[in-house]
Amino acid sequence: MGMFRFGLLLLLLAVHWGPALSDLVISKLDRRIDLTSQIVRMTMSFKVENTGPDPVSKVSLTFPEHQANNLALIVAVNTQGKGKTRGPTTNLPITISQPDNNSPPSLIWYAASLPKDLVKGESLTIDVLAVFTHTLRPFPEKITQSESQLFLFQESAHFPSPYKVKSQSMTVKLPTENAESYTKLENTKFANSEIKYGPYENLPPFSYSPVIIHFPSNKPFAVAQELIREIEISHWGNVQITEHYSLIHGGAQSTGEFSRLDFQTRPHVRGASGFRNLLAMLPPRAHSIYYRDAIGNISTSNIYSDSSKTLLEIEPRYPMFGGWKTSFTIGYGLPLQDFLFQSEGSRFLNITFGSPMNDILVENLTVKIVLPEGSKDISVSVPFPVKQSQETKFSHLDIAGRPTMVVEKTNAVPEHNQYFQVHYKFSNISLLTEPLMLIFGFFSLFIACIIYMHADITISKSSPSYLAKLQWDEVLGSIQQLQEVINRSLIVHEKLEASLRELSRTGDVQGCKAVRKAADTLLKDLSKESKPLLSLLQSSPQAAHIIHKVEELVVKERDLQEKIMMKHAMVVDSYEKKSGGRDIDNRVAAIQQKITAVKQEVDHLLEFVEDI
């Protein structure tokens, strides 16, 4: 607001500064400003005459600095004739051309180059379209769910032209027929949804008359803070479009609690400032359309198509109120033949540049055109200033990567959704690269399988490593058999211990002696089985590092066997002599301690052998 007042003061002072820059005079200037969306569109039609002796090749247009900073697009055309006699239009190149003389400050100058010099007494009509963003300011800046949005628009009823203006008028189109307030000047009319200022006669150069309009608007203020649009070309018949949106509601900030119930039951009253859907106009033969976000697929979308267009209506996961943000991705495929053409030995892609969304403002737009691998001599032709760069993208079966042209634009509006061209050269032989890679890959796999199935890759039976493996397998087998013999011996020991417990319970000495006799026979047989196994291990070099443990296990088992036999004989003898239980326990206490200790040693050695 302060900047606007500062520029206003300087422009008011400029009225008293020097004469016009040339002898051009504007005989009539009609200006129309459209405020029906967040994007402000100003159209001007004026007739300029040369009253001086010198020919003129350029016509200057001036805008206040606060407007020029938000200028997204400016286009000027020259039209011959009117009505039925209206001739073809000629685009006039426009450049920023700040004069060197003492021009008023806080003004940005644009120069429209004429198709031919305008000599004395001649006149021509120029139509200008200027598109501005972030020009409408919410007032109040914060509202609740139930309140409507109100905006302030600041402008001058007199266009600050550097030339004298004989007659000038301005019409402001509002979204509704209501206005909270507006500046009332001479010749001001408010009818339906339009406020008309003028006509004003014989205005001097840089004339300025401030106007402020305060009006309601609940139109969607959808602002894409970032849009990354990727166009990937496949010469196999498809153009894949992927668009990543980071969206925010750019209107008055929503404050207070949000009630989903109120929004669902009375959306036009308790949610008028928010929007719940967006409409994208896609090319007519778009297919494989999807709409998703970071969570996954979003099912709240509808598609309507006919022979001229495809409409995609999408709903975010939640209604959008002022300051709320969301991110999502839409993608679709297009037939290659509708957009790729050949000319003079090269190919060129002809496709639209901007977002297909209606009345969406894109603050930072990045368009990436991914060309097939092997493309060369690449150039991009865009009908307005952009920033260009090149990078490489790697995808399936790529070797050198796919050349990618990156085109960046700030403050992109729907008027920027024009066709642009990408020219490049590509050899048809390169189309065979990926199929040949697949064929060669599968062929190599089949050959490898055939070789594997028919080749003998076993180790030779006469090699030292194979013989060493056989010897080690023999050692392991002998150890397992010896371990089994010792385990069977330990079972016999348990039977002897059990016979002593039975003797103490029943006093059956003869039964205990029978168990002892059977155990002696079994232990002798087991000893015979272990001898050849132990001899084999002692003679094998593969068992050199473990034979001492195996020998120690055999010795400890025999020691345990002798002590258990000795205990068994002492207990049986005591029962035959009719000794008491206490005397028997005292007699075998020492030998029992030794048996317990030897058992522990045998168990540890068995664990070592099992680990082998």
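Computed from a prediction, not measured in an experiment: that's the story for all the values here.

**Student:** Could you give an account of the overall build of the chain, with specific residues and numbers?
**Tutor:** Broken down by element type, the chain carries eight helices and 31 strands. Compactness check: the chain gives a C-alpha radius of gyration of 49 Å against a globular reference of 25 Å for 612 residues, more than 25% above the reference. Looking at the chain as a whole, 42% of its 612 residues qualify as buried. Taking the intrachain contacts of the chain between residues at least 6 apart in sequence as the baseline, contacts between residues at least 24 apart amount to 75%.

**Student:** Requested: an account of the side chain of Arg-41, with residues and values cited.
**Tutor:** If you trace the backbone, Arg-41 turns up in strand β2 (residues 40–50). Since its relative accessible area comes to 15%, Arg-41 is described here as buried. Excluding anything up to four places from it in sequence, Arg-41 contacts Arg-32, Ile-33, Asp-34, Leu-129, Ala-130, Val-131, Asp-359, Pro-414 and Glu-415.

**Student:** So, the packing of aromatic side chains: which residues are in play, and what are the values?
**Tutor:** Applying the stated criterion across every chain, the model contains 16 aromatic pairs. Note on Tyr-245 and Phe-328: the rings are 5.0 Å apart at their centroids and 20 degrees apart in plane angle, and the pair reads as stacked. In this pair, Tyr-245 is assigned in strand β18 (residues 238–249) and Phe-328 in strand β24 (residues 325–335), connecting sequence segments 83 residues apart. Like Phe-328, Tyr-245 is buried. Between Phe-321 and Trp-324 the ring centres are 5.3 Å apart and the planes differ by 65 degrees, which places this aromatic pair in the edge-to-face class.

**Student:** Tell me about the sheet that holds strand β21 (residues 287–292), and please be specific about residues and values.
**Tutor:** Spatially, seven strands are ordered β21-β24-β18-β17-β27-β30-β29 in an open sheet, and the strand pairing comes out mixed. Each end of this open sheet is capped by a strand with a single partner; those strands are β21 and β29 (387–393). This sheet shows a mean twist of 15 degrees between the axes of neighbouring strands, independent of strand direction. Pairing of β21 with β24, which is carried by four bridges, proceeds in the antiparallel orientation. The residue of β24 that forms the bridge with Tyr-290 is Gly-331.

The rules behind these values
Residues numbered from 1 in each chain as written. Predicted model: local features only at pLDDT ≥ 70, side-chain atom pairs only at ≥ 80, totals over all residues. Heavy atoms only, no water. Helix = DSSP H or I, 4+ residues; strand = E, 2+ residues; numbered from the N terminus. Rg over C-alpha atoms; globule rule 2.2 N^0.38 Å. Buried < 20%, exposed > 50% of the residue type's maximum accessible area, 1.4 Å probe, protein only. Contact = heavy atoms within 4.5 Å. Phe/Tyr/Trp six-rings, centres within 6.5 Å; stacked < 30°, edge-to-face > 60°. Pairing = 2+ DSSP bridges. Axes fitted to C-alpha atoms, helices over the stretch in contact; angles between N-to-C directions.

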